[in-house]
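Observations on chain architecture
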Amino acid sequence: MTDWLSPRTAPVSLGGRNTAPHSKVLVRESRLRRNDWILTIAVGIMCILGVLLVWGATYTTRYGHTNSKMEKDLVFVVIAVALGVGTSLLDYRSLRAYAPVVYVASIFGLLAVLAIGTRINGARSWIVIGGGFTIQPAEFAKIALVVGLAMFLGEKRDGGDAPRDVDVLQVLAFSAVPLGLILLQPDLGTAVVLGFMILAAISVSGAPARWIAGLVLLAVLGGVGMAATGRLQGYQSARLTTFLNPNATDPQSKAAAYNVHNAQIAIGSGGILGQGLLHGQLSNTYGYVPEQVDDFIFAVAGEELGFAGCVGIIGLLGVILWRAFRIAGKADDAFGRLIAVGIIAWFAFQGFENIGMCLGIMPVTGLPLPFISYGGSSLFANLIAMGLLQNVHMHSQTA
């Protein structure tokens, strides 16, 4: 029996009359009905909070009571929503054919940033395109890796067999190129995010457990080795030293500790309900919290929206992850399930890391808070990822 509300409803002819327009209406109704509205609403609220917090962090006498950052962030949100909606309208299964194209494009972007990128805060991660706008190719590399890992590891599961050792080696070789280019910037935070995505995808794919243990051990030994042999940049070493020893007295470590210390004070000064939007003294008026619109925007939330606002942000991020887990569990194929798992690993680690560094329980890495931090590239990649989740959800027979 034909499912008239199926997203794949085809135009038919009844009594010689073409019903294609009616079919298109049904398709639109089906997409609206099958959309995960809880996920949509949670993401929408997060984006709105992001715009408000960027406004609250920059509308001060230091900036001449300007709305410019907030207005630019609002433009980013509009573009990001369009990208997310456009992604959700595709059939995610067709991305298998385009995964190599997406991967190659991301590699070219990472090569371009090494050649012509601008160094900001110690990392050559941005390409300035004029008018105060920049592109961060590493953010789009996350999308390429999500789709690429799902393609490589999903094929075996669809065929009924778990990945073999040679398949895992191919995946690691595939992942090593963008990972290596990002480490050359150097952007250690994004590299760790990619590492978690790779580990999660291999774990869920059914690969032998020895690969999981080996990769975890390799990551730990690699991190210790980089720190012990002086391979870390000066600012990276200072951040790690500050995390392990907040009372370190060398100048770089003291500067890094200053950032975290003031972020903690700002969060604590907000109390239960906060000082009110635009009224943060440390994060807004006096500018004691550095990078307050991106890296440390959670400190702005703590000071201006208080404990309640912070719990709300964490709760919304939890809702997004819950819906992503649900979508992964109901996906029709391994490809869709692995797409969802890669996105879960990405947002779970990045959200925990950003909030954790503001609270002093994680080292500072410069990772933005998903949907909240200022920045077009991050927001675009975030909403494309949500579009992929909605796509998998809408094409699931048990959605």
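See the structure printed just above.
Residues numbered from 1 in each chain as written. Predicted model: local features only at pLDDT ≥ 70, side-chain atom pairs only at ≥ 80, totals over all residues. Heavy atoms only, no water.

Details of a nonpolar patch on the surface
Nonpolar side chains collect at one region of the surface, where Leu183, Leu188, Val192 and Phe196 lie side by side and expose about 290 Å² of accessible area between them. With 3 residues, helix H7 (residues 188-204) is the single largest residue contributor to the nonpolar patch. For Leu183, the location among the structural elements is in helix H6 (residues 165-183). (Patch = residues over 30% accessible without salt bridge, like charges linked within 9 Å, V, L, I, M, F, W, Y side chains within 5 Å. Areas by Shrake-Rupley, 256 points an atom, 1.4 Å probe, with all protein chains shown as cover. Salt bridge = Lys/Arg side-chain N within 4 Å of Asp/Glu carboxyl O. Helix = DSSP H or I, 4+ residues; strand = E, 2+ residues; numbered from the N terminus.)

Let's talk about helix H4 (residues 95-116)
Here H4 is 22 residues long and its end C-alpha atoms lie 30 Å apart, about the 32 Å a rise of 1.5 Å per residue gives. Taken residue by residue, H4 has Leu95, Ala99, Tyr103, Ser106, Ile107, Gly109, Leu110 and Val113 as its buried positions. (Expected span 1.5 Å × (residues − 1). Buried < 20%, exposed > 50% of the residue type's maximum accessible area, 1.4 Å probe, protein only.)

Considering the sheet that holds strand S5 (residues 133-135)
With respect to topology, 3 strands assemble into an open sheet ordered S3-S4-S5, the strand pairing being antiparallel. Each edge of the open sheet carries a strand with a single partner, namely strand S3 (118-120) and S5. Ignoring which end each strand starts from, the neighbouring axes of this sheet average 55 degrees apart. As paired strands, strand S4 (residues 123-130) and S5 are joined by 3 bridges and run antiparallel to one another. Bridged to Gly130 within S5 is Phe133. Against the sheet, H4 contacts S3 and S4, and its axis sits at roughly 90 degrees relative to S4. (Pairing = 2+ DSSP bridges. Axes fitted to C-alpha atoms, helices over the stretch in contact; angles between N-to-C directions. Contact = heavy atoms within 4.5 Å.)

Some details on the environment of Leu359
Residue position: Leu359 is located in helix H13 (residues 334-359). For the pair formed by Leu359 and Ile267, sequence separation is 92 residues and the distance between their alpha carbons is 8.2 Å. If near-sequence neighbours (up to four positions away) are discounted, Leu359 is found in contact with Gln264, Ile267 and Phe298.

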